[in-house]
Amino acid sequence: GPRPRRVLLRCRRMKKPGVPLLVRVLALAVFLVIPFRVLGTGFLPPDDALRHAAKAVSGRSWSEVLVLRDDVLVDPHPGWHAILGLVHRATGADAHALVLAAVVSLFFVLNALPLLFLRRPEAWLMSWLGLCVLDPAALLRFMLGRPFLVSVAALITLGLLWRRMAAPRLDRRAAVLCTLAVALAAWTHPSWYL
């Protein structure tokens, strides 16, 4: 009937226009603070992030950084090592600083994408809260500074934009963004060897 419709229209008018933007900014700030808080406890990723940083800082070939089988001749993460090498050359960051930058930037990018695309960004915060309450060790997996987080971010991007690409009329911006996300993931964390 007309009464519920009037109530709904009145509720829509009461909605503050700046609140969704404020929620997004606060959520982005939370996801920027989390890795700094974790790293502030003295946490340092125990494995892969260190070897990726060593490769970027040393400038050596992959076989000189790790002991590999003789038939492994190619760098399995060329894009990630190129990015870390660029950061090292541009800023002069040492291996420790590169590891910290990788942890913070990958965690932030992984979580910034959903916050930009979801209508209710606080839902993403609540899902992280639920994950950390139900499985506290899960947060560690996302703090390792590994390039697999680029692949996870690409997957999340595909999941969030899939309907826009599958609609009767293709959203070109969504298609371009998904293509770029998959290309970046393939360059930084190729999984052909799996």
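Structure shown above.
I will try to describe carefully the structure that is included in this document. These numbers come from a predicted model, not from an experiment.

1. What about the pattern of salt bridges?
- Inspection of the entire model under this criterion finds 4 salt bridges.
- Note that Arg51 and Asp48 form a salt bridge whose closest N and O atoms lie 3.1 Å from each other. In this pair, Arg51 and Asp48 both sit in helix α3 (residues 48-58), 3 residues apart, roughly one turn of the helix.
- When salt bridges that share partners are traced, they join Asp47, Asp48, Arg51 and Arg146 into one network.

2. Some details on the layout of surface pockets
- By volume, the largest pocket is sized at about 320 Å³.
- Of all elements in the fold, only α5 (78-91), α6 (95-117), α9 (148-166) and α10 (172-188) reach the threshold of two or more residues within the lining of the largest pocket.
- For the lining of the largest pocket, the element with the most residues is α6, which contributes 7 residues.

3. Some points on the nonpolar core
- Counting 32 residues, the largest nonpolar core has Phe107, Leu110 and Trp128 as the members making the most contacts within it.
- Excluding residues within four positions of it along the chain, Trp128 makes contact with Phe31, Phe107, Leu110, Asn111, Leu139 and Phe142.

4. What to know about the packing of α3 against α5
- Two elements in contact, α3 and α5, have axes whose closest approach is 8 Å; the angle formed by their N-to-C orientations is 55 degrees. When the axis of α3 is compared with that of α5, the two are oblique. At the point where α3 passes α5, the crossing takes the right-handed sense. Along its contact with α3, which presents His52, Ala53, Lys55, Ala56 and Val57, the element α5 presents Trp80, His81, Leu84, Gly85 and His88.
- Grouping the amino acids of the contact of α3 with α5 by side-chain chemistry returns 5 nonpolar, 4 polar and 1 charged.

The rules we used
Residues numbered from 1 in each chain as written. Predicted model: local features only at pLDDT ≥ 70, side-chain atom pairs only at ≥ 80, totals over all residues. Heavy atoms only, no water. Salt bridge = Lys/Arg side-chain N within 4 Å of Asp/Glu carboxyl O. Helix = DSSP H or I, 4+ residues; strand = E, 2+ residues; numbered from the N terminus. 1 Å grid on protein atoms, 1.4 Å probe; cavity = no way out; pocket = protein on both sides within 12 Å on 5 of 7 lines; lining within 4 Å. Points joined across faces, edges and corners; volume = space filled by probe spheres on them. Core = buried A, V, L, I, M, F, W, Y, C linked by side-chain atoms within 4.5 Å. Buried < 20%, exposed > 50% of the residue type's maximum accessible area, 1.4 Å probe, protein only. Contact = heavy atoms within 4.5 Å. Axes fitted to C-alpha atoms, helices over the stretch in contact; angles between N-to-C directions. Parallel < 35°, antiparallel > 145°, perpendicular 65-115°, else oblique. Left-handed = near helix turned anticlockwise from the far one by under 90°. Nonpolar A, V, L, I, M, F, W, Y, C, P; charged D, E, K, R; others polar.

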